[in-house]
Amino acid sequence: MSETATPTLYDRLGKRPGIEAIATDIFNNHKSNPIVRNRYVNSDPATVIRLVTEMCCAGFGGPETYTGRDMITAHTGMNINEAEFVAVCDDVLSALDKHSVGQKEKDEILCILYSLKNQIVHL
Ligand code: HEM
C-alpha cells in the first residue's frame, strides 16, 4: 500500500512567485477597499508585500524566513475592529479567486487567517 502526501500549501500556491503575486493583489485590494484603505496610507507597498509574502511562504511550508514583527506587535495600538478583519479576509479571498486557487486551498487559508483573529483585533 502506498500513500501520497498532499503537497504543502506553499507548493500548491506556486511557491514564492505564486504567493508573491497573490500578496501583491491582496495589497492592491486593500488600497481600493473603503473599509481598510486608510490604514495603509503611510505604508510602503513593496515592504508590506514582501513581509506578507515571507510570512505566507514560511507558514505554508516553504524554506523562507519571516523577518517581520509578530502579529500582536505589528497590530497593537491600531484598535482594528471586526468589520476591518472581515474586510481583510474578503480581500484575501478575492485575490485567491483572481489566481484561480482551489476551494480546498481557500478553506485552509481562511482557517489560518481566522486563527490569527485574536492577535489582530481590538489591540
Ligand atoms: C489575519 C489577518 C492579518 C494578517 C495575516 C496580517 C499580516 C500582517 C503582516 C505580516 C504585517 C507586517 C508586519 C510588520 O510590519 O513587521 C502587517 C502589518 C500591518 N497590518 Fe496586518 N494582517 C492581518 C490583518 C490586518 C487587519 C484586519 C488590518 C486592518 C485593516 C491590518 C493592518 C495592518 C497595517 C496598517 C500594517 C502596517 C503596515 C505598515 O507597516 O506599513 N492587518 N500585517
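Structure first, text after, so check above.
Residues numbered from 1 in each chain as written. Predicted model: local features only at pLDDT ≥ 70, side-chain atom pairs only at ≥ 80, totals over all residues. Heavy atoms only, no water.

In this section: the site of the ligand. Taken together, 21 residues form the shell around the ligand, and within it R39, Y40, S43, R69 and H75 come nearest. Here an oxygen atom of the ligand sits 2.6 Å away from a polar atom, N or O, in the side chain of S43. Within the contact set of the ligand, a nitrogen atom lies 2.9 Å away from a side-chain nitrogen or oxygen of H75. Those elements that provide at least two residues to the shell around the ligand are α3 (45-59), α4 (71-75) and α5 (82-98). (Near = heavy atom within 4 Å. Polar contact = N/O pair within 3.5 Å; in protein donor to acceptor, adjacent residues only side chain to side chain. Helix = DSSP H or I, 4+ residues; strand = E, 2+ residues; numbered from the N terminus.)

Attention now moves to the environment of G14. Its location among the elements puts G14 in the loop between α1 (9-12) and α2 (15-31). Spatially, the C-alpha atom of G14 lies 19 Å from that of T4, the residues being 10 residues apart in sequence.

For the iron atom of the ligand, the sole protein-derived donor is H75 (NE2), lying 2.1 Å away. The topology assignment puts H75 in helix α4. (Donors = N, O, S within 2.8 Å, 3.2 Å for Na, K, Ca; no water.)

Moving on, we get to the side chain of K106. By the element assignment, K106 lies in helix α6 (residues 103-115). For K106, a relative accessible area of 13% puts it in the buried group. Those residues within four positions of K106 in sequence are excluded, and the remaining contacts are L93, L96, D97 and V101. (Buried < 20%, exposed > 50% of the residue type's maximum accessible area, 1.4 Å probe, protein only. Contact = heavy atoms within 4.5 Å.)

Enumeration over the complete set of coordinates arrives at 10 salt bridges. E105 is the salt-bridge partner of R12, the closest N and O atoms lying 2.9 Å from each other. Here E105 lies in helix α6 and R12 lies in helix α1, a separation of 93 residues in the sequence. Note on E105: relative accessible area 13%, which makes it buried. Ionic pairing is found between E54 and R50, a salt bridge with its closest N-O pair at 3.2 Å. With E54 and R50 both in helix α3 and 4 residues apart, the pair spans about one turn of that helix. Residue class for E54 comes out buried when judged on its relative accessible area of 7%. (Salt bridge = Lys/Arg side-chain N within 4 Å of Asp/Glu carboxyl O.)

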